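One letter stands for each residue in the lines below.
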Amino acid sequence: MSPAALLALPLQLAAVAAPPVHHGLRGQLDVRAPRLERTIEVDGRLDEPVWREAAILTGFSLYQPVDGRPAPDSTEVLVWYSADAMHFGVRAFEPHGAVRATLADRDRVSTDDYVELHLDTFDERRRALVFIVNPLGVQADGTKSEGGGFIPGANVAPGQNDLSADFQWRSKGRVTDWGYEVELRIPFSSIRYALGSPQRWGLQVVRRVQHSGYEQTWTPAKRGSASFIAQAGHLVGLSGMRHGQVVELNPELTNTTAGSASASDPGWRYANDANLGGNVRWGMGSDFVLNGTIRPDFSQVEADATQIATDQRFALFYPERRPFFVEGSDQFNVPNTLVYTRRIVRPEAAAKFTGKIGRNDVALLSAADDRATTADGSRPLVGIVRLRRDLGTQSTAGVLYSGRTSGARDNHVAGADARLVFGGLYYAQLQAVGSVTSQDGVRRVAPMWEAAVDRTGRNFGFHYALLGIAPDFQTDNGFVPRTGFVQPSVNNRFTAFGRPGGFLERYNVFLQTSALWRYEDFFDGRGRLEHRLSASNQLTFRRGWSATVTPALGSFAFDPANYGGLWLAGADGAAPTAFVPAPRTGTTLGTFAIATPQFRRFAASAGTTVGNDVDFLETSRVRRHDWNASLDLRPSERLRVGATFVASSFTRRRDGARIQSLRIPRVRAEYQVARPVLVRVVSQYESTRRAPLRDPRTGGALLVAGATPGSFAPSPERRGNALRTDWLFAYRPTPGTVVFAGYGNTLTEPGALAFQDLRRVNDALFVKLSYLFRMRSGA
């Protein structure tokens, strides 16, 4: 061999041994990760020899608040896999500012720096598993879905992360002089994927940098697209993975001792309630799961945060948090929230099957609910079937059946929906549903339907929709707070982007208008009940500051059918007469909000809404004033303190009387003793006052039905001042294995926020123990 060849040999060997590099900005988006049979410790240090053989992902791009520019922060993601797991290593370089990292509880890393991995394991281009780690390796996980309405597991819109699901995986990280380094191991037995070999999975990596407010992606994702998930790269050539059949047994023991004052005895009485139940999960290969539960404990260790009802006529939506219902909830995702599992209150037993057959999603749920949920004491039986088929590269079509039957009432809902993506920027959504409800010998059949078209362009987008729900439409397993209307809506968005490094980075304006007719009036050509118009101006500034200014106009007429329970006192002792609502009323409101970026030790926000509005309870013109503020403090790496305050008041314009007020301060403090050990206290004070209803024309008192048939009484004043405090100790080493111990009580007092003469109304002490037994067999 010649001397020149000898000199070139080391360079040739180095080139052969060099790991493949996949640069997102250069379009190198198909990753052939090496399969390496190595056993390593997940310690947050990427110094084992195996990492030098891993494929490298780099060349990230900006996505938020501006897309189409190279990321200012360098990121490397290393990828390899063995027969049993995917391995990822992250090196996040940070030369511009301090790394934001806390020892947080699971799923509570959104205010830290973090990296998200999206795995589209069926290569559907519309749904992905999400694995998130902060710089210390604290985990958050869930799903991202773009194919429907609100996800039953959480109150999130399509395309947002739903973090209610928990997977079994390992991660660890550390902060370094140059940024941070994180290591992840995701077992194949913990996730679902298609049968066959080789596998092709969608892959996206998202990095969030708190000091700048930037979000960066490995692939050069564009904001002007109907789908974020479809812009992912791919893991290709995956083969020889071992999933096996996984059986999980999760027995649970809960004991609650609740105390309250007795009506007949001034002493304090306690009642003990012990519950032994459990869950079973059978992973039938890589793409099917069967879940069952017997007498499950669905206690929520923290009560739902109180919301303000801006329109008092309709119920509020609260997310599902119970583990049995959360798993696979994305497969029950239906437009207009026709599946809302919180309607299943206290099931004695339930079973669920979810999976994928070819291009078809299959999801079935059956439950026997508590007898106390029915008027006649019969046991309600719940059945839900959701089937959905993939069409083309991103479109879907599905059908739904949902039924709830008991001795007192039967309700059945069936329908179909489709989401058709076309042209890269557009999608159309269609839905047609019917309900059949039988009660007291009366059978009612009614439809619900919707058509929508959407454009998600970079500088211009729109969403045009027409929704109709007949008066007799009912869904006992869904969340449809209002019926008997047709509502067209027109929403247009215009976006402008600032220059790189400029003070203003992005400006959005959303022009929104909608109208609402009674269902019959829409088809008969009669006038509308409501009309709304608003312009939401959203400004994003350098380093993550943001502000929103929204003027809004409205016009409201009042359906007399909704006020049949109110009367006016007759003159000179005459019989009461039916209340006649006020004539059409106009409203003018303005909303302003501002939010800081996530600083090292705190973040804050504040907002207000003021203007002329309407009180729907008595149809009066009112002056409305709402306030809200939040403060997130991080005194140390382990301690977090969050405080919020919301308030709302209505002042009647006719006489200047304050007729409604609501004030809710809330404080939540968490101390993370260690990664699996948490101590938390949540305290919330709710002060409410509602004045008696009065006629908007005369100011006379409105009457409601009295205690005896045919009698009437003035509508009552309602007041409440309640302080609720909950303490919790939690040991949660892995999902399914927990030790919870907590105490909570409710105090009341006559004066609002006086903190004097507080009187205990109830309290409770609870302990929960559960352990996850996990068995895996087969290849």
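Residues numbered from 1 in each chain as written. Predicted model: local features only at pLDDT ≥ 70, side-chain atom pairs only at ≥ 80, totals over all residues. Heavy atoms only, no water.

Enquirer: Now, about the packing of aromatic side chains: what can you tell me, with residues and values included?
Expert: Going through the model one piece at a time under the given rule, you end up with 29 aromatic pairs. A centroid spacing of 5.4 Å and a plane angle of 90° characterise the contact between Phe556 and Phe616, whose relative ring orientation is edge-to-face. Of this pair, Phe556 sits in strand E30 (residues 546-556) while Phe616 is found in the loop between strand E34 (602-615) and strand E35 (620-633), placing the two residues 60 residues apart along the sequence. Phe556 gets classed as buried once you look at its relative accessible area, which sits at 4%. Ring geometry for Tyr563 and Phe579: centres 6.0 Å apart, planes at 70°, overall edge-to-face. Taken together, the positions of Tyr563 in the loop between E30 and strand E31 (567-568) and Phe579 in the loop between strand E32 (577-578) and strand E33 (585-595) put the pair 16 residues apart, joining distant regions of the chain. With a relative accessible area of 8%, Tyr563 lands in the buried category. Clustering of aromatic rings is evident, with ring pairs tying together Phe422, Tyr426, Phe460, Phe462, Tyr464 and Phe494. Positioned above the aromatic ring of Phe324 is the side chain of Lys352, whose terminal nitrogen or guanidinium carbon lies 5.0 Å from the ring centre. (Phe/Tyr/Trp six-rings, centres within 6.5 Å; stacked < 30°, edge-to-face > 60°. Helix = DSSP H or I, 4+ residues; strand = E, 2+ residues; numbered from the N terminus. Buried < 20%, exposed > 50% of the residue type's maximum accessible area, 1.4 Å probe, protein only. Lys NZ or Arg CZ within 6 Å of the ring centre and 35° of its normal.)

Enquirer: Quick one: what's the story with the sheet that holds strand E5 (residues 75-81), residue by residue and with numbers?
Expert: Read from one edge to the other, the open sheet built from 6 strands follows the order E1-E3-E5-E6-E12-E11, with strand pairing classed as mixed. Each edge of the sheet is formed by a strand with only one pairing partner; in this case those strands are strand E1 (21-23) and strand E11 (170-175). Across the sheet, the mean angle from the axis of one strand to that of its neighbour is 15°, orientation sign disregarded. Taken together, the 9 bridges between strand E6 (residues 85-93) and strand E12 (residues 179-187) define a ladder with antiparallel strand orientation. Among the inter-strand pairings, Met86 is bridged to a residue of E12, identified as Ile186. (Pairing = 2+ DSSP bridges. Axes fitted to C-alpha atoms, helices over the stretch in contact; angles between N-to-C directions.)

Enquirer: Account for unusual backbone geometry, with residues named and values stated.
Expert: For the peptide bond that leads from Gln64 to Pro65, omega is -5°, which places it in the cis range. Position of Pro65 relative to the elements: it lies in the loop between strand E4 (61-64) and E5. The peptide bond linking Ser197 to Pro198 adopts the cis configuration, its omega dihedral lying at 0°. Among the secondary structure elements, Pro198 is positioned in the loop between E12 and strand E13 (199-209). Unusually for a residue other than glycine, Thr619 sits at a positive phi of about 60°. Looking at where Thr619 falls in the secondary structure, it is placed in the loop between E34 and E35. In this structure, Leu753 is a non-glycine residue whose phi angle is positive, near 55°. Counting through the fold element by element, Leu753 comes out in the loop between strand E42 (737-748) and strand E43 (759-770). Given the relative accessible area of 27%, Leu753 is considered partly exposed.

Enquirer: Any chance you could break down the nonpolar core for me, citing the residues and the numbers?
Expert: Ranked by internal contacts, the top residues of the largest apolar core, which has 48 residues, are Met86, Phe88, Phe131, Trp201 and Leu235. Counting residues per element, the ones that place at least two in this core are strand E3 (55-58), E5, E6, strand E7 (114-120), strand E8 (127-133), E12, E13 and strand E15 (233-238). Sorting elements by how many residues they give to this core places E8 first, with 5 residues. What Leu235 contacts, discounting residues up to four positions off in sequence, is Val31, Ala33, Val79, Met86, Leu119, Gln199, Arg200, Trp201 and Leu203. One finds Val433, Ala470, Val480 and Phe485 within the second-largest nonpolar core, a separate group that totals 29 residues. (Core = buried A, V, L, I, M, F, W, Y, C linked by side-chain atoms within 4.5 Å. Contact = heavy atoms within 4.5 Å.)

Enquirer: How would you summarise the environment of Gly377 if you had to cite specific residues and measurements?
Expert: Note on placement: Gly377 falls in the loop between strand E20 (360-368) and strand E21 (381-391). Taking C-alpha positions, Gly377 is 39 Å from Ala418, a pair spaced 41 residues apart along the chain.

Enquirer: Give a detailed account of the confidence of the model for the chain, specifying residues and quantitative values.
Expert: Per-residue confidence for the chain gives a mean pLDDT of 90, with 93% of residues at or over 70. Scored below 50 in pLDDT, residues 300-310 makes 33 contacts in the model with residues more than four places away or belonging to other chains. (pLDDT = per-residue confidence, 0-100.)

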